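Structural description and commentary
Here is what each chain is made of, one letter per residue.
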Amino acid sequence: MKLSHEERWDLIDMISRETVSFGAYRHTLKDAIGELTIKPLTGIPIAIAVMYGFWSVFGSFAGFFTDGFFVRFFDAYWLPWLQEVFPGQGSFLYTIMVDAGGIESGEFVLSSNCLESFGVLTSGLFVAIGVVLPAIIIFYLTLALLEDIGYMPRLAVLIDTMLHKIGLHGYAIVPTILSLGCNVPGVAATRILETKKQRFIMMTLLAIFIPCGAQIGIMQDVVPDLMGWILLYLIIGYFIFGYILNKVIPGRAPEFLIDVPPYRRPMLSNIGKKVGGRVRGFFVVALPFVMLGCAIVGVLYQFGVIRFLGDLLAPIFVGWFGVPAETAGPLIAAFLRKDLAVAQLSVIEMTKYQMITAVVLVSIYFPCVATFAMMLKEGWKELIGALAVLVVTVFAYGGLIHLIGKLLGVA
Amino acid sequence: MAGQSTSQTSQTSSSSSASPVAVIYFAILGIVTVAAGLTDLLVTASGSEFAYGILEVPNDLFRGGWGGLIMLFAGLLYLSGVRNMDDIHQFAKVTMGSILIWIIAGCDIFARITESIPSYSEETGPWFNTLPGFIEAYAPPYAPAVLLLPFSLVVLYYISKRASGETRGGNSS
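Here the structure is a predicted model, which means the values were calculated and not measured. (Residues numbered from 1 in each chain as written. Chains lettered and ligands numbered in written order. Predicted model: local features only at pLDDT ≥ 70, side-chain atom pairs only at ≥ 80, totals over all residues.)

**Re the overall build of chain A**
- Counting its regular elements, chain A contains 19 helices and 3 strands.
- Expressed along its principal axes, the backbone C-alpha trace of chain A runs to roughly 90 × 45 × 45 Å.
- A total of 411 residues make up chain A; the buried ones form 46% of that total.
- Within chain A, counting contacts between residues at least 6 apart in sequence, those at least 24 apart form 73% of the total. (Helix = DSSP H or I, 4+ residues; strand = E, 2+ residues; numbered from the N terminus. Buried ≥ 20, exposed ≤ 12 C-beta atoms within 10 Å, placed from the backbone. Contact = placed C-beta atoms within 7 Å.)

**Observations regarding the UniProt feature "transmembrane region" (unreviewed entry) in chain B**
- UniProt records the feature "transmembrane region" (unreviewed entry) for residues 21-41, 61-79, 91-111 and 142-159 of chain B in the present numbering.
- End C-alpha atoms of residues 61-79 of chain B are separated by 26 Å, and the span's content is 100% helix alongside 0% strand. (UniProt positions renumbered as here; feature names shortened; annotations may be inferred.)

**Let's talk about helix 1 (residues 20-46) of chain B**
All names here are of chain B.
- Compared with the 39 Å implied by 1.5 Å per residue over 27 residues, the 39 Å span of helix 1 between its first and last C-alpha is a close match.
- Ala-22, Phe-26, Leu-29, Gly-30, Thr-33, Ala-36, Gly-37, Asp-40, Val-43 and Thr-44 are the residues of helix 1 that are buried.
- Backbone geometry just after helix 1 places Gly-47 at a positive phi near 75°. (Expected span 1.5 Å × (residues − 1).)

**Describing unusual backbone geometry**
Residue and element names in this part refer to chain B.
- The amide bond that connects Pro-140 to the next residue, Pro-141, takes the cis arrangement and shows omega of 10°.
- Tracing the sequence through the fold places Pro-141 in the loop between helix 4 (131-136) and helix 5 (144-152).
- With phi around 55°, Asn-84 is a residue other than glycine that occupies positive phi space.
- Note on placement: Asn-84 falls in the loop between helix 2 (61-81) and helix 3 (88-116).

**Points about the UniProt feature "domain: Ferrous iron transport protein B C-terminal" (unreviewed entry) in chain A**
- In the UniProt entry, the feature "domain: Ferrous iron transport protein B C-terminal" (unreviewed entry) is given for residues 231-276 of chain A.
- Between the C-alpha atoms that bound residues 231-276 of chain A the distance is 28 Å, and the span itself is 59% helix and 0% strand.

**Quick look at the packing of helix 3 (residues 40-85) of chain A against helix 2 of chain B**
- Relative to each other, helix 3 of chain A and helix 2 of chain B sit at 140°, their axes nearing to 10 Å. Of the possible angle classes, the one that applies to helix 3 of chain A and helix 2 of chain B is oblique. Helix 2 of chain B is crossed by helix 3 of chain A, and the crossing has left-handed handedness. Where helix 3 of chain A abuts helix 2 of chain B, its residues Pro45(A), Ile48(A), Ala49(A) and Tyr52(A) lie against Trp66(B), Gly67(B), Leu69(B), Ile70(B) and Phe73(B).
- Across the contact of helix 3 of chain A with helix 2 of chain B, the residue classes tally to 8 nonpolar, 1 polar and no charged. (Axes fitted to C-alpha atoms, helices over the stretch in contact; angles between N-to-C directions. Parallel < 35°, antiparallel > 145°, perpendicular 65-115°, else oblique. Left-handed = near helix turned anticlockwise from the far one by under 90°. Nonpolar A, V, L, I, M, F, W, Y, C, P; charged D, E, K, R; others polar.)

**A closer look at the UniProt feature "domain: Nucleoside transporter/FeoB GTPase Gate" (unreviewed entry) in chain A**
- Feature annotation in UniProt assigns "domain: Nucleoside transporter/FeoB GTPase Gate" (unreviewed entry) to the following positions: residues 131-218 and 283-378 of chain A.
- With 78% helix and 0% strand, the stretch residues 131-218 of chain A has end C-alpha atoms that lie 7 Å from each other.

**Re the confidence of the model for chain B**
Residues and elements named next belong to chain B.
- Model confidence for chain B is summarised by a mean pLDDT of 85, while 83% of its residues fall at 70 or above.
- When the elements of chain B are averaged for pLDDT, strand 1 (residues 9-11) gives the smallest value, 42, and helix 5 the largest, 97.
- Long-range and interchain partners of residues 1-15, a stretch whose pLDDT sits below 50, account for 32 contacts in this model, where long-range means more than four residues apart.
- Quick note on the complex model: pTM equals 0.82, ipTM equals 0.87. (pLDDT = per-residue confidence, 0-100.)

**A word on the confidence of the model for chain A**
- When pLDDT is averaged along chain A, the result is 85; 99% of the residues meet or exceed 70.
- Mean pLDDT per element in chain A: strand 2 (residues 102-104) of chain A is the minimum at 73, and helix 2 (residues 29-36) of chain A is the maximum at 92.

**Observations concerning the interface of chain A and chain B**
- In this assembly, 36 residues from chain A lie in contact with 41 residues from chain B.
- Contributing elements (two or more residues each) for the side of chain A that touches chain B: helix 1 (5-19), strand 1 (24-26), helix 2 and helix 3 of chain A.
- With 20 residues, helix 3 of chain A is the single largest residue contributor to the side of chain A that touches chain B.
- Its residues placed into classes, the side of chain A that touches chain B shows 20 nonpolar, 9 polar and 7 charged.

Here you go:
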């Protein structure tokens, strides 16, 4: 039996009359607040406040553990102990595992803190446990809270119009925010986008403009005053290059349909499971790369590869990007460990604007090895395309930031 | 289109809960909050420091700039919500104004708590702050949002009043 369009609706009506009972619905305060958070006029100020809370809690919590306890534990106890008990001071293995140190008047000098030692067991462990772990835990905790309360779908609706300008839609906020914790789950989450075009744009923007928790943690630690400017440049770049990619890349960018749930009281067990799973995932997938990255950076420094490349590329860094020649080394090392590169940059003497440029360059540089592997999993064509966009972006945006600085007279 | 029907009917609650006192109270709170937000923004823009008694206006880009903007929004939400506050949507604006203040003040208080516990010493020594140091961390001056926090909590009384009014209304209907 084939029903016409009208007959089908009549049948639906009949079934609903038999099965659904209708009652009067009284609007509650929760409903009214839910509506306020979706309407742009009130929703945007609320979103700005939620993001403020997010970053403020992030900074306080991460600072509490990192500056309050871990810096001291690693610098005053762990590093001196390892420097003393690890055999073969100054040997190749010692420099890779414990302390690359420095040479002063022909003598090997030990580092005074874990950010400068560049050993797998010192810098590697400090970054992984002392900096990244508190940052990742509080990041995923607040994210899980916002998800469970029911705020994230509202944020997706609110930002939908803006993201359509760059070929994405509201759901793209999920991989974007996830990437602020770790780019690896962020890249995996691009699968929620429907078309190849959207997934490519999202993956490319994540790899270039979204700093991960490790990098944000280090930035918060070593250049806290410049965080706002750095993030501002990254957000602007995210939208400029997203807009360009949307115009250049062929394909569809469909609308999205989302069911906005009512606000609910978050369940502790749910939050525990989400945070536990994500932190565990980070440790299993990304952490080995943090340690491996430290080891490779150490080896490359020992063999003089980074110095050689730094000297070779220094004219480009100085002339095109307007940063001091000394930053060439850390910027090359950023291919492997962005967080350590930021730490290295923080001890180089330069102007505020040069520091902002250098840290933005580190951020928009090559994605970390773990993200690289994840992007490869999504398809080698996409990876090559993303890398091509990345190279162009680094030169274009890095040069543009330098130009802005020159025009403002601060570069 | 034939057969399309809504599954629920929306109705605006208008249980009478907002007295003239409440309207005046939240209007004044709104004006004060707007003033606090503007002061935050101006002090941040000028790069100067401003402290008076137990009040200290933050002048950094994050707390003074971003936070000041949110205080301004909170004040505007209060002011736009006080007219016809019996309407649930208008009352929601007043509630949201308070929630924004709670976010700013809550973050400030959380920051004080996290700063008050460790000793922040990089050398060997006590890991935790001394008791006087711990207590001192909570001493004034305070940011405008923290000072406005107790006044913003009054909204909870009106929320509970409205909730009890709705329960009575619900029971009687």
